[in-house]
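Chain by chain, the residues run as shown.
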Amino acid sequence: MAETRGDLVFEDAFDGSTLDLSVWSPYYLPQWSSRQAAAATYSVGDSCLTLSIPTEQGLWCAGDHKPDLRVSGIQSGNYSGPVGSTVGQQPFRDGQVVLEEQEPFWGWTPHGGYVELRARAEISPRSMVSLWMVGLEDQPERCGEICVMEVFGDAIVPGESTAVGMGLKTIRDPAVPQDFEAVPLPIDLADFHTYAVEWTGSEAAFFVDGTEIRSCQGAPAYPLQLMLAVFDFPEQSNGDDDHLVPTFTVDHIRGWNVAEELVA
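Just so you know, the residues in each chain are numbered from 1, in the order the chain's sequence is written. Residue-level local features of this predicted model are given only where pLDDT is at least 70; pairs of side-chain atoms are given and counted only at 80 or more, and the full residue set underlies all totals for whole chains, interfaces and linings. Neither water nor hydrogens contribute to the side-chain values; these are computed over all heavy atoms in the structure.

### So, the overall build of the protein chain
- Along its length, the protein chain carries 2 helices and 17 strands.
- For a compact globule the rule gives 2.2 Å times the number of residues to the power 0.38, and the radius of gyration it is set against comes from C-alpha atoms. Relative to the globule expectation of 18 Å for 264 residues, the C-alpha radius of gyration of the protein chain, 18 Å, shows essentially globular dimensions.
- In the protein chain, which comprises 264 residues, the share counted as buried stands at 55%.
- Looking at the protein chain alone, contacts between residues at least 24 apart form 69% of all its contacts between residues at least 6 apart. Runs of E in the DSSP output that reach at least two residues are strands. Runs of H or I that reach at least four are helices, and both are numbered from the N terminus. Exposure classes here rest on a 1.4 Å probe applied to the protein chains alone. A residue is buried below 20% of its type maximum, exposed above 50%, and partly exposed in between. Whether two residues touch is decided by their heavy atoms; if any such pair falls within 4.5 Å, the residues are in contact.

Laid out in structure tokens, this is it:
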């Protein structure tokens, strides 16, 4: 894909001591449980955001989501209908109802451009990290996904490669094709790397450390919110790893708009 970056329109380098709550909600899909039950464990310091899952952190949507999972995530948007309705972002089963209504919140919701993450992670085979962008679901069909990066711990070959997932996910939007692939790359997830997507019109091209890895046609044609999270799957325990604390450390997230000559 040709160079598309225009002006820098968004940057969070996490240079302060607190999370910018005008941009980020530190709760993972709280409408399906509550803000208290969906709160992320995180810290901001040394010009980085670190998401983590300490050993005492409980399950997300305990007794409802299967398989069991724990998660610390932040998101740049949030939306739901009233309690008892089925209106909400990213339901994980048919007929799921809102347990705690969420006020509409749009922190940063790009509609095209270049989005870049610089991050590192320390995970085990039972955990994963991801940056993905999803529709706001203010209209039900606006739910497609651009996954910028997704890494499962069991997709890492120490000293050799890390399989980085990237691409499009249909979710429930038939206009967005399922076009996702985990590509083995000779990188160490524990080191800082840059993951990015160029999203212009219906095309999305994915980059790692400035090198284009793959591209897809059929990207969502509506604004997307960012979702950034670390996950832990207790049922994948090997019996001797409950003490491990997965972390996702983010140096910055940046966004550029599309160059004017490409949208004129």
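### With respect to unusual backbone geometry
- Residue Lys 66 is joined to Pro 67 through a cis peptide bond whose omega torsion reads 0°.
- Secondary-structure assignment places Pro 67 in the loop between β3 (48-52) and β4 (70-75).
- The residue Asp 46 is not glycine, and still its phi comes out positive at about 55°.
- With respect to the helices and strands, the residue Asp 46 is situated in the loop between β2 (41-45) and β3.

### Examining the side chain of Thr 162
- In this structure, Thr 162 sits in strand β11 (residues 161-169).
- Pairing of N or O atoms within 3.5 Å defines a polar contact, subject to two protein rules: one partner must be a possible hydrogen donor and the other a possible acceptor, and residues neighboring in sequence count only if both atoms are side-chain atoms. Of note is the side chain of Thr 162, whose polar atom sits 2.9 Å from the backbone oxygen of Ile 187.
- For Thr 162, the residues in contact, after removing those within four places along its chain, are Val 151, Ala 155, Ile 156, Val 183, Pro 184, Leu 185, Ile 187, Asp 188 and Leu 189.

### Some thoughts on the pattern of salt bridges
- Think of a salt bridge as a Lys or Arg side-chain nitrogen and an Asp or Glu carboxyl oxygen that are within 4 Å of each other. As enumerated under the stated definition, the model contains 16 salt bridges in all.
- A salt bridge links Arg 126 to Asp 241; its shortest N-O distance comes to 2.9 Å. Here the residue Arg 126 occupies a position in the loop between β7 (113-122) and β8 (127-135), and Asp 241 occupies one in the loop between β16 (224-232) and β17 (247-258), the gap between them amounting to 115 residues. Each member of the pair Arg 126 and Asp 241 is classed as buried.
- A salt bridge links Glu 150 to Lys 169; its shortest N-O distance comes to 3.0 Å. With Glu 150 in strand β9 (residues 145-152) and Lys 169 in strand β11, this residue pair connects regions lying 19 residues apart in the sequence.
- Residue Glu 150 is classed as buried on the basis of its relative accessible area of 14%.
- Counted as one network, the salt bridges with shared partners bring together Arg 70, Arg 126, Asp 232, Asp 241 and Asp 242.

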